[in-house]
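Each chain, letter by letter, is given below.
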Amino acid sequence: MNLADTAFIRLASGGCLAALQFWCAIAQPQTVFDLDKNLEFQLRPDRGTYPAFAPETNGLTTSMLGFDQAFGSYSSVANAVAEFPPMSGDFIAPCVEPSCSLLPNPICVTAELDLGGPLSLVFAFDPPFSFPGTDWASGAVLDCRPNYALALRHAEQTVNSGGSLHGQSAAGELEAASLPLQVPVWKYTLLTSSRLVDSCPICDRIPIVAPLQGRFAMRLVGHDPLFFNYAVEDIELFAYTPEGRAYKVHGRGVYKVGGELALRQGMTLEVWIDNGSSSSLCILTNSTPEIKRGWPIIQVTLDQANGTPTQQYQIELVAAPVRQIFFSTVHGFTPGISPSPAEHVGRGDLVSDAGNIVALNRELIAKLGLMPSPDPLDLGLDAVDILPGSEIIFSVETGVFSEILGYIHHGDMLSNSGRVLMLYTDLIAPFVPMPPLPDVGLDAFQVVGSGEAYFSVEADFFSEKLGVLVRRGDLLSSKGLIVKTQAQLLSQFHPPAERDVGLDAIYVWPSGELWFSVEESFEDDILGWINHGDLLSDRGEVLYRNLDLLRNFQPLEDLADFGLDGIYIVSDAVFAPTNTTRCVEIRAGKEDGGVILRWETSGRVRQLEKASAVLGPWEPVGPVTTDVVFIDTNAPVGLTQAFYRLREW
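Visitor: I would appreciate a short explanation of the sheet that holds strand β41 (residues 514-517) in the present structure.
Guide: Strand-to-strand pairing in sheets goes through backbone hydrogen bonds, with the strands running parallel or antiparallel. With antiparallel pairing, four strands are arranged side by side in an open sheet as β40-β41-β44-β45. Looking at strand neighbours, the two that pair on one side only are β40 (505-508) and β45 (541-544), the edges of this open sheet. Ignoring strand direction, the axes of neighbouring strands in this sheet form an average angle of 30 degrees. Here strand β44 (residues 535-537) runs beside β45; their pairing, made up of three bridges, is antiparallel. Following the sheet pairing, L535 is matched in β45 by Y544.

Visitor: What am I meant to see in the pattern of salt bridges here?
Guide: When charged atoms on two side chains of opposite charge get close, those side chains can pair. With the rule as written, the count across this model stands at 22 salt bridges. For E520, the salt bridge identified is with R472, shortest N-O distance 2.7 Å. With a gap of 48 residues between them, E520 in the loop between β41 and β42 (522-524) and R472 in the loop between β37 (468-470) and β38 (475-477) connect regions that are remote in the sequence. Here E609 makes a salt bridge to R645, at a shortest N to O gap of 2.6 Å. You can see E609 sitting in strand β49 (residues 606-611) and its partner R645 sitting in strand β52 (residues 641-648), a full 36 residues away along the chain. In this structure, E609 and R645 share a single accessibility class: buried. Within this structure, D460, R471, R472, R499, D500, E519 and E520 form a network of salt bridges that share partners.

Visitor: Got a minute to help me understand the packing of aromatic side chains in this structure?
Guide: How two aromatic rings sit relative to each other is set out by the distance from centre to centre and by the angle between their planes. Scanning all chains against the criterion turns up 14 aromatic pairs. Between F431 and F461, the aromatic rings sit 6.0 Å apart at their centres with planes inclined by 85 degrees, giving edge-to-face as the arrangement. With F431 in the loop between α2 (424-428) and β34 (444-449) and F461 in strand β36 (residues 461-463), the pair connects residues that are 30 residues apart, well separated along the chain. Here F431 and F461 have matching classes, each one buried.

Visitor: Sorry, what's going on with the side chain of T189 here?
Guide: Here T189 shows up in strand β16 (residues 185-190). Look at T189 and you get buried, because its relative accessible area is 9%. At a separation of 3.2 Å, a polar atom in the side chain of T189 contacts the side chain of R215. Within the local environment of T189, its side chain forms a polar contact with the backbone oxygen of V322, the two atoms lying 2.8 Å apart. For T189, the contacting residues outside a window of four places in its chain are G214, R215, V318, A319, A320, V322 and Y544.

Visitor: Looking at this structure, I do not really get the state of the cysteines. What am I missing?
Guide: One pass over the full model with this rule turns up one disulfide. Two residues, C200 and C203, share a disulfide whose sulfurs are 1.9 Å apart. With the S-S dihedral at roughly 45 degrees, the linkage between C200 and C203 falls on the right-handed side. A residue is classified by how much of its surface remains accessible, and C203, at 36% relative accessible area, is partly exposed.

Visitor: Please clarify how the environment of I392 should be interpreted in this entry.
Guide: Mapped onto the elements of the fold, I392 is located in strand β29 (residues 391-394). Through-space distance from the C-alpha of I392 to that of L364 is 7.7 Å; in sequence the pair is 28 residues apart.

Definitions and cut-offs
- Residues numbered from 1 in each chain as written.
- Predicted model: local features only at pLDDT ≥ 70, side-chain atom pairs only at ≥ 80, totals over all residues.
- Heavy atoms only, no water.
- Pairing = 2+ DSSP bridges.
- Helix = DSSP H or I, 4+ residues; strand = E, 2+ residues; numbered from the N terminus.
- Axes fitted to C-alpha atoms, helices over the stretch in contact; angles between N-to-C directions.
- Salt bridge = Lys/Arg side-chain N within 4 Å of Asp/Glu carboxyl O.
- Buried < 20%, exposed > 50% of the residue type's maximum accessible area, 1.4 Å probe, protein only.
- Phe/Tyr/Trp six-rings, centres within 6.5 Å; stacked < 30°, edge-to-face > 60°.
- Polar contact = N/O pair within 3.5 Å; in protein donor to acceptor, adjacent residues only side chain to side chain.
- Contact = heavy atoms within 4.5 Å.
- Disulfide = S-S within 2.5 Å.

Next up, the structure:
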């Protein structure tokens with residue numbers, strides 16, 4: 001096999017797999033297959049070699065097989081994907097009519113592409129057949145009907161777990177054997193209300209209660225008419241007490257949710273708990289099945305089933321499928337990490353809690369046609385959301401004049417593509433504000449489906465339609481409705497009476513649970529001081545302290561709170577648009593080496609992953625990003641092959 005060949009295989013919605021083979025040096029790769037959910041194949045001759053035939057999907061076309069007239073055998077035009085039996089007699093006659101066929105020897109020709117480990121991809125021709133395409137001798141367009149098949153081969157067993165793929169080609173129907181579908185894994189992050197309790201039933205000591213942090217993964221393994229069943233994997237939790245005692249929890253478990261008359265849940269964990277002096281294998285399960293939180297957020301109390309009279313553990317697990325949080329701050333900061341993503345992060349930059357910059361403010365406003373300025377502009381970033389196609393929409397804190405769009409108001413929703421998505425006047429128009437038209441600005445914004453947007457404003461105004469005063473702390477709908485008043489948002493908190501603390505950032509989960517930040521800090525009678533940069537839940541919880549969000553940046557400034565203006569959550573619960581994700585380019589880097597990959601997709605955000613075999617294990621190549629071009633600077637040295645896939649949200 002020429003180790004520059006590539007294979008593109010569609011595995012599942014929201015993910016695309018690419019395989020790039022390497023030898024001592026990286027050569028220009030060749031596309032071999034693209035298996036998308038809309039499977040369309042064509043065969044055509046390639047004038048670059050002798051008669052050569054290639055699968056073609058969605059414009060990705062290349063030569064897969066070529067006929068070597070000198071040796072009378074099929075071989076890969078990229079130098080020996082596989083070698084095939086010699087052909088007897090003449091191979092093909094000149095085509096002068098819209099048909100062409102092999103002379104009568106019935107043989108089967110196959111090519112096999114190694115996918116790493118036990119898997120390989122087989123492309124087979126079963127003559128007698130003819131090829132569609134253009135006759136290389138006469139130039140006539142041919143409409144022939146070959147018999148060909150595509151199959152996934154396993155060295156030890158038949159692979160049939162993914163269901164068959166079928167498609168209609170220009171030459172007739174194509175049937176491809178089953179591909180093993182990879183079930184998406186949801187990554188969960190524990191929220192601040194999670195805790196571990198270490199008690200001694202026969203002792204007089206007070207139970208030790210420690211805040212619990214960490215992550216785990218959930219994978220759907222099956223379902224019946226009543227329940228969905230999940231595997232709980234890669235449990236890695238930790239807890240620290242104020243006295244310095246540390247607990248570590250790792251293991252696996254199962255989770256099910258469903259029911260006939262009412263929703264019920266069940267979780268059982270098999271974990272090792274290390275308390276610093278001993279490690280115990282613990283079986284924990286929930287004794288009450290009621291659902292405490294709307295899906296996909298999980299809240300469950302787990303008691304140890306195999307405890308002893310001297311030690312009994314309990315875990316209050318509250319977790320959400322949060323991979324990363326993108327956000328902007330009210331105050332800029334200087335990262336203290338090394339290497340640093342930037343010398344200074346501005347208030348208008350979009351950053352991630354993973355410690356990287358998603359988009360600089362100058363990148364967001366680059367296409368708005370703003371008048372040139374000797375100093376770099378930072379217009380701030382008030383509201384933010386990401387639409388399909390990686391279009392980042394946002395509002396700025398300061399009005400500015402555009403040579404293309406005219407005056408841009410600080411309440412207008414803009415796009416990094418250089419357009420005005422919605423004027424602030426259009427957002428509040430359904431409320432029929434009392435004249436004169438007020439300048440209310442825009443603070444929070446999220447598109448929640450079917451074009452409806454939730455948002456908040458910076459100043460109060462009176463709605464003639466609703467007959468009420470709309471407050472800056474209310475959550476509004478672009479349909480002219482108040483989704484929740486600030487009193488309702490803060491009903492589970494205990495703020496000072498009659499104080500409007502504003503509404504700065506929002507994120508709405510599918511269950512309707514609202515995560516948000518406020519414009520002004522306040523003191524809660526029970527929870528204590530709540531900063532305007534903390535991320536809150538309408539269930540009355542502080543989910544993330546502001547400095548927790550910034551932990552991976554290690555800001556050098558001595559501030560207790562940098563504010564929280566805009567927020568976007570990368571979650572497995574938000575499905576990527578149903579689209580065709582294609583890798584359209586893989587090539588070697590010219591200057592720094594490595595591999596450059598470019599994708600076509602309409603997803604929101606994505607992350608490139610790499611493995612040495614098609615079955616994994618897969619490791620991320622860089623952060624979650626809105627980019628579609630990736631550079632893998634760590635090209636596989638000493639490896640014979642590398643596979644890439646794209647995860648999207």
